[in-house]
Amino acid sequence: MPGAASRPREGASPPKTCPPKVPSSLADAVSGGSAAAATAFWSQSLLVATAVAFGAAPALAVPAFVAFCGVALPLRALHFARRRWTFFLLDFCYAANGLALTSILAGPGARRLDAVAAAVADGPLAGALLAWQCAYGPSAEHAVSVGVHALPGLALWARRWFGERGVRAESAPLAHTLAWPLAFYCAWQAVYFVVVHLLCGRWIVANRYGTSYRALARRAARARSVWDRLVRTGPPARRVAVYGGLQLAFTAAWLVAAAVLPLRTSLRASAAWQAAKVAIPLHYGTRHVHVRAPRARLAALVAAGALAPGAG
């Protein structure tokens, strides 16, 4: 029968078609190429090596944190100076790192200082991992940011439970876990306000220096969140006051949470919290590498005319 040979037989599977070949240049532009792969390899290798080392000897977290403060933070200061981000170094997270380092250098005998530093490190400093959506993995800068927020509490926890003269399970009065940490925050906030907003405010704007307020404002504006409408309305004085009030409320809430949770009396609860502090940046890092970064690169290609909108 004419044409019978050209018709597929009943029940036969449709012919297989090969997917279109994506040019390597386009694939690299979307995936990040070999540079992104190398960054992922080294960041994952560092994470695995750190996990193995701390798992075998948790007390190593203490000298690791001291080395981090002596090497990574000065390098970050130089990097920030080159990018006009110097005033980021006045943020609360660096003051909290200084408090934790002072507590460690003072030794486990300074129990009041240990309680205050631990409350700050495992309270608002750790909570900032969520507020700032710190992501581990995309770059060395991201890894340092995670270390700034996660390492102080981890080091104090390791010293308390695994140090040679650790204090082990020991409750602390609310004055040490709530009142004094809140006073430390208020003192920092006063100094920050005087330096950044009163003494250097106009100079910062004129020379286009970055601050945490301006960075968070841009992020909130992009997300069109309720925080953008709440903070970025009204005169500058109102904006600064509302922003400071939100920071104070955030800090107080996390200090209360750290005081209520059995972080000083239960090894299991405190270990679970340290594990959560690692899981949070891993989650955000995974989303950044596999969702946010490819979308941003695709948007850049579309904006440059290298890719038609809706392609792929």
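Residues numbered from 1 in each chain as written. Predicted model: local features only at pLDDT ≥ 70, side-chain atom pairs only at ≥ 80, totals over all residues. Heavy atoms only, no water.

A. Layout of the packing of helix α4 (residues 92-106) against helix α7 (residues 174-199). Packing of α4 against α7 brings their axes to within 11 Å, and their N-to-C directions diverge by 130°. The orientation of α4 with respect to α7, classified from their angle, is oblique. By crossing handedness, the relation of α4 to α7 is classed as right-handed. Contacts between α4 and α7 pair F92, A95 and L99 from the former with F184, Y185 and W188 from the latter. Among the residues forming the contact of α4 with α7, the class breakdown is six nonpolar, no polar and no charged. (Axes fitted to C-alpha atoms, helices over the stretch in contact; angles between N-to-C directions. Helix = DSSP H or I, 4+ residues; strand = E, 2+ residues; numbered from the N terminus. Parallel < 35°, antiparallel > 145°, perpendicular 65-115°, else oblique. Left-handed = near helix turned anticlockwise from the far one by under 90°. Contact = heavy atoms within 4.5 Å. Nonpolar A, V, L, I, M, F, W, Y, C, P; charged D, E, K, R; others polar.)

B. Looking closely at the packing of aromatic side chains. Counting across every chain of the model gives 15 aromatic pairs. For the ring pair W203 and Y209, a centre distance of 4.9 Å and an interplane angle of 35° mean the geometry is tilted. A relative accessible area of 43% means that W203 is categorised as partly exposed. (Phe/Tyr/Trp six-rings, centres within 6.5 Å; stacked < 30°, edge-to-face > 60°. Buried < 20%, exposed > 50% of the residue type's maximum accessible area, 1.4 Å probe, protein only.)

C. Unusual backbone geometry, seen in detail. One non-glycine residue with positive phi stands out, namely R84, at about 60°. With respect to the element layout, R84 can be found in the loop between α3 (61-82) and α4. Its relative accessible area of 40% is what places R84 among the partly exposed residues.

D. Focus on the nonpolar core. In terms of nonpolar packing, the biggest core is built from 40 residues, with F65, F68, V148 and L156 touching the most fellow members. Mapped onto this core, the elements with two or more residues apiece are α3, α4, α5 (111-131), α6 (140-162) and α7. With nine residues, α6 is the largest single contributor of residues to this core. Among residues more than four places away in sequence, those in contact with V148 are F68, L73, R76, C93, Y94, N97 and L125. Counting eight residues, the second largest nonpolar core, distinct from the first, contains A135, Y136, A150 and I280. (Core = buried A, V, L, I, M, F, W, Y, C linked by side-chain atoms within 4.5 Å.)

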